[in-house]
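# Structure at a glance
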Amino acid sequence: MRLSEGGLIDRDRTLRLRFDDRTIAAHPGDSLASALLANGIRLVGRSFKHHRPRGLLGAGAEEPNALLGAHDGARHEPNIRATLAEAEDGLRLRSQNRWPSLTWDVGELSDLAKPLLGAGFYYKTFMAPAAFWERLYEPVIRRAAGLGRLSGEADPEAADKASTSCDLLVVGSGPAGLSAALHAARAGLSVILAEEDFACGGRLLAENEEVGGLGSADWAARTLAELAQAPNVRVMPRTAVFGVYDHGLYAACERLPRSPEQRRENRPTRRLHRIHARRAILAAGALERPVAFEGNDRPGVMLASAVRAYLNRFAVLAGRRIVVFATNDDAWRTASDAAAAGAHVTLADPRPAEALPPAPDGVQVLPETLPTATRGRLALTQVHLRSPGKSRWVEANILALGGGWSPSVHLACHQGGKPVWRDDIAAFVPGEAMPQGLAVAGAAAGAFSTHAALTQGAQAAADAAEALGRAASAADIPAAEDAPTRQHALYVLPGAGKNAYVDFQNDVTAADVKQAHDEGFRSVEHLKRYTTLGMATDQGKTANVVGLAALSDVAGRTIPQTGTTTYRPPWTPVPIAVFGGRHRGQAFRPTREAPSHRWAAENGASFVDSGAWKRAEWYARPGEAGWRDSVDRETLAVRAAVGLCDVSTLGKIDVQGPDAAAFLDFAYSNMMSTLPVGKARYGLMLREDGHVMDDGTVARLADQHFLVTTTTANAGPVFRHLEFLRQCQRPDLDVALISVTDQWAQIAVAGPRSRTLLERVATEDVSNDALPFMGVIPVTVAGVAGRLFRLSFSGELAYELALPARYGDALMAHLMQAGEDLGVVPYGTEALGVLRIEKGHAAGAELDGRTTAADLGLGRMLSKKKDHVGAVLAHREGMTDPDRPVLVGLRALDPEKKLGAGAHLFAKGARRVVANDLGWVSSVAWSPHLGTMIALGFLVRGAERQGQVVMASDPVRGRDTAVEVVSPHFIDPQGERLRG
């Protein structure tokens, strides 16, 4: 189907591609779609639901049918839009959603069951028998769902991310976009010109017209050459701007061209751009609409603009016998260009003869004529045309539909704005409520002539320059086509029914729209979800206005009265991998090792992921039958002698400045400004809604210098929270924050012999007088300066020794050697958990975002002497309800019985129903000290129930365990040990 001359392709080179089992030829400059069409391939896919044969409909972003799979193995990528992807030598393409082949698809049998697969059939079927759901219905549905399939393997070609900024972002490179970029560049603005296609120029590449005395494509090339030479302009082809966000942020996805060598090197295939633009111009053009009538979806039924684009840009004549159905003057261009290229062209127009333009040379014009049906199984062969008093079947292999143009308003509506209807062009245009700093020009604003687009683009650039304090020179608008728009509003032809397709990708027909309305789904939002109109990768680009018209017809309303659905990002499909970028595998979750990791690995540690870290969970020793033996040994050793645990992973935030104390008073619920230098204090941090966010300690190292610790998992969130408070809530305070988590190795030294061990390694006095409970002193160990904190998470006499992180491994070995005769043992996170549960310390399971200070028994920590985050909302009625579950201890009556976290608490004899639920179990452990299972949990009126027996019901694990309600402080409730 390739013409011998013309087009914007490089005929000196030939590319070889593979489509299914066929090798096809292409040229540089071809899209995948034009390459297929040039080789006579009309059938390119199957529809989603009915598996009907589908061919190319469009030539750009509006294409709903030609979604192909590309590449093999792990590099396989489904749902590539063939109209936007350029031909690459050696590329392997596959059709999708068919079996065993594209021409013989078993799924086509579903088309025979169309009466059973109408609108909303999935809501009405598969209900019974219930046992069939998991065994039959769900497996069949999952197998049938989707269009393309992922390889299931890790793609070696990563995506990339980038951030950039500019004075002006121009979206679209048609006449309006090029004019805007050119005039903005001449005004001295920094400009980014983003174009979704792989070639810039928009409709200028597809038309046979003159601009400024040059062919439209030549004028576009000259303008792009000037932009390429400008140091303040960045032209970005293959870049789809898909989302508009607050504060001038635009998201764009760039497809990166790669040579075969670059593919072998696994270069990124896409890049996600965060573009911060002070101003933006939407010049994304418009999308041509089809018309709904019986059989309008056969391969060979195309948009008139697409037939023209393949002819003028790619030198591909879509068919030798073409019927053009035009509801507007623009589609007549297709008839004229196709006839000039040697096609036999029949032009049908619903308007009366006196309202039509002059007939193009070589074109048979049929006024007041409509297409009403088509014939052909895998390709179009005939079109039925009906005129007043006459109907006929016409031989044709292409039916070009010109149903009018819909401006690309999507990006202009991404922040809640609604488009408005214009009767003169029978289309929606952007309304007044648009994202701040965004202007619309050209066809996207409803200006469909080339001259109007050039003029609006230049004016939008001048307005942007003026707003940014730059003087724009007088606009230089070249002479160009400026014909008025004459549109006959026609969307759904009379008699359209079960085979008149409104949404080609999702198989939504005019009959489905009527059925949805008849069944009560009359809101456009309900229609969308009930019929799937405008969903999936197409997002209704060609379907939405036609679907709204169909709904309006059956509802007896106008299209503007019917309204539109809500526009949301992304405007065009974006692979999820692009949002991840290089952050996958180790780059997504890097292995963070504690400073003593190597020593722990050499000494039998098993590791567990804790927050972002690998932490030792226990240290197995010869003769131990399992992890419980190891944990029990470590726990008892800490209670009886001394143990070492690497707690470097706790978050550590350095807070300094003249207002550091006042800032921490605001961030924590209890008072920090009264803390003496050299002392530490337990701190409770609330969210703004009054719930507990985190707990930790605050140590005052100097008058204006504090060190805050957080839980391991909350190190990042707490730092972000504090930065938010500093920058947004209290910018009046002179304070600086920095995370020092990675700077320090911190070893907990706990147990009754811990002071003796520290006396052997520290040069400073660590006696009770020199370092009382919650004290902090500088310390030197083996000539290395550090800090020593007297803190206890275990309930025993305990310290945390901090040295620079590079000494962590050596510090652990040094402490173990110094305490060998004291019975020192290393202990991991499991023993740490047992110790803290025995002591009643809340941790992540209790600080789950739903608990209050009062729930945890810490209500007295809410200071009434100062303002702090959450101070007001913490005292809401629901937060202070005496019937809220509060923290209690739970002790299994039978040592042989197991407890599980997540079990719910019920009174003895009560039915296991929600109405009788008294609370839940948050943390459990076997206590070797008590010889039974113990737990922390939350129980309604827990303080009043101490001594009572309740049932811990765990239906997931099939357990029912009697537990006694006790104090959460199982060990040393008076705290005598930790103060010893």
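Everything discussed here concerns the structure shown above.
Quantities reported herein were computed from a predicted structural model and do not represent experimental measurements.

About the cut-offs
Residues numbered from 1 in each chain as written. Predicted model: local features only at pLDDT ≥ 70, side-chain atom pairs only at ≥ 80, totals over all residues. Heavy atoms only, no water. Pairing = 2+ DSSP bridges. Helix = DSSP H or I, 4+ residues; strand = E, 2+ residues; numbered from the N terminus. Axes fitted to C-alpha atoms, helices over the stretch in contact; angles between N-to-C directions. Salt bridge = Lys/Arg side-chain N within 4 Å of Asp/Glu carboxyl O. Buried < 20%, exposed > 50% of the residue type's maximum accessible area, 1.4 Å probe, protein only. Core = buried A, V, L, I, M, F, W, Y, C linked by side-chain atoms within 4.5 Å. Contact = heavy atoms within 4.5 Å. Expected span 1.5 Å × (residues − 1). Bend = angle between axes of the 7 residues up to and from the residue. 1 Å grid on protein atoms, 1.4 Å probe; cavity = no way out; pocket = protein on both sides within 12 Å on 5 of 7 lines; lining within 4 Å. Points joined across faces, edges and corners; volume = space filled by probe spheres on them. Nonpolar A, V, L, I, M, F, W, Y, C, P; charged D, E, K, R; others polar. Parallel < 35°, antiparallel > 145°, perpendicular 65-115°, else oblique. Left-handed = near helix turned anticlockwise from the far one by under 90°. Patch = residues over 30% accessible without salt bridge, like charges linked within 9 Å, V, L, I, M, F, W, Y side chains within 5 Å. Areas by Shrake-Rupley, 256 points an atom, 1.4 Å probe, with all protein chains shown as cover. Phe/Tyr/Trp six-rings, centres within 6.5 Å; stacked < 30°, edge-to-face > 60°. Lys NZ or Arg CZ within 6 Å of the ring centre and 35° of its normal. Lys, Arg positive; Asp, Glu negative; His and termini not counted. Polar contact = N/O pair within 3.5 Å; in protein donor to acceptor, adjacent residues only side chain to side chain.

Taken in spatial order, the six strands close into a barrel running β45-β48-β47-β46-β49-β50, and their pairing is antiparallel. Taking each pair of neighbouring strands and ignoring which way they run, the sheet shows an average axis angle of 45 degrees. Direction of pairing for strand β46 (residues 904-907) relative to strand β49 (residues 949-954): antiparallel, over a ladder of four bridges. Bridging across to β49, Leu905 finds its partner in Ala952.

Turning our eyes to something else, we now look at the sheet that holds strand β35 (residues 651-656). Here we have five strands laid out as an open sheet, ordered β36-β37-β38-β35-β39, and antiparallel in their pairing. Each having just a single partner strand, β36 (680-686) and β39 (736-739) make up the two edges of the open sheet. This sheet shows a mean twist of 25 degrees between the axes of neighbouring strands, independent of strand direction. Note that β35 and β39 share four bridges and pair antiparallel. By the bridge assignment, Gln656 is partnered in β39 with Ala736.

Now for the pattern of salt bridges. For side chains bearing opposite charge, pairing can occur when the charged atoms are close. Across all of its chains, the model carries 51 salt bridges by this definition. Between Arg186 and Glu226 there is a salt bridge; the shortest N-O distance is 3.1 Å. Of this pair, Arg186 sits in helix α4 (residues 175-186) while Glu226 is found in helix α5 (residues 216-229), placing the two residues 40 residues apart along the sequence. Classification of Glu226 as partly exposed rests on a relative accessible area of 36%.

Right, let's get into the nonpolar core. Counting residues in each nonpolar core, the largest one holds 59 residues, and the members touching the most others are Leu17, Leu32, Met302, Tyr310, Ile322, Val324 and Val345. Apart from residues no more than four positions distant in its own chain, Tyr310 is found in contact with Ala33, Ser34, Leu37, Leu56, Gly58, Ala59, Thr83, Met302, Ala315 and Val316.

What follows concerns helix α3 (residues 132-144). Given a rise of 1.5 Å per residue, 13 residues ought to cover 18 Å, and the 17 Å separating the end C-alpha atoms of α3 matches this to within 8%. When the local axis directions of α3 are compared, the greatest deviation, roughly 35 degrees, occurs at Glu138, which is followed within four positions by the proline Pro139. Directly after α3, the chain includes Gly146, whose backbone phi takes a positive value near 85 degrees.

Summed over all chains, the structure comprises four cavities of 30 Å³ or more. Quantified by volume, the largest cavity comes out at close to 250 Å³. Every residue lining the largest cavity is counted, 21 residues in all, and those nearest its centre are Gly540, Asn544, Val545, Leu548 and Tyr567. Where the lining of the largest cavity is concerned, the elements lending two or more residues are β25 (405-407), α11 (524-531) and α12 (544-555). Counted by class, the lining of the largest cavity contains ten nonpolar, eight polar and three charged residues.

So, about the packing of helix α17 (residues 660-667) against helix α18 (residues 715-729). Each pair of packed helices gets described by two things: the angle between the helix axes and the distance between those axes. It is at 11 Å that the axes of α17 and α18 come closest, and there the two elements cross at 110 degrees. When the interaxial angle is binned, α17 and α18 end up roughly perpendicular. The crossing of α17 and α18 is right-handed. Between α17 and α18, the contacting residues are Phe663, Phe666 and Ala667 on the first element and Leu722, Leu725, Arg726 and Gln729 on the second. Class assignment of the residues belonging to the contact of α17 with α18 gives a composition of five nonpolar, one polar and one charged.

To continue, consider a nonpolar patch on the surface. A cluster of nonpolar side chains, namely Trp99, Val106, Leu109 and Leu112, defines an oily patch on the protein surface of about 490 Å² accessible area. Mapped onto the elements of the fold, Leu112 is located in the loop between β7 (92-94) and α2 (121-124).

Another point: the packing of aromatic side chains. By the definition in use, this model includes seven aromatic pairs. Centre to centre, the rings of Trp421 and Phe428 are 4.9 Å apart; their planes meet at 75 degrees, and the pair counts as edge-to-face. Residue Trp421 shares its accessibility class with Phe428, and that shared class is buried. In this arrangement the basic side chain of Arg54 is found over the ring face of Tyr501, its NZ or CZ atom lying 4.9 Å from the centre. Across from the ring centre of Trp393, 3.7 Å away, lies the NZ or CZ of Arg375, which sits over that ring.

Moving on, we come to the side chain of Asp503. Secondary-structure assignment places Asp503 in strand β29 (residues 501-503). Here Asp503 is buried and forms no salt bridge, its nearest opposite-charge partner Arg54 lying at an N-O distance of 6.8 Å. For Asp503, the side chain forms a polar contact with the main-chain nitrogen of Gln505, separated by 3.0 Å. Of the polar contacts made by the side chain of Asp503, one reaches the backbone nitrogen of Gly534; its length is 2.8 Å. Those residues in contact with Asp503 that sit more than four places away from it in its chain are Val508, Thr532, Leu533, Gly534, Met535, Asp538 and Ala543.

So, about unusual backbone geometry. Looking along the chain, the bond that leaves Trp99 and enters Pro100 is cis, with omega of 5 degrees. In this chain, Pro569 is followed by Pro570 through a cis amide linkage whose omega measures 0 degrees. Among the structural elements, Pro570 can be located in the loop between α13 (559-562) and α14 (576-580). You will see that Asn79, though not glycine, has its phi angle at about 60 degrees, which is positive. For Asn79, the position within the fold is in strand β6 (residues 77-81). Positive phi, close to 55 degrees, is recorded for Gln539, a residue that is not glycine. Secondary-structure assignment places Gln539 in the loop between α11 and α12. Exposure remark for Gln539: the relative accessible area of 29% places this residue in the partly exposed category.

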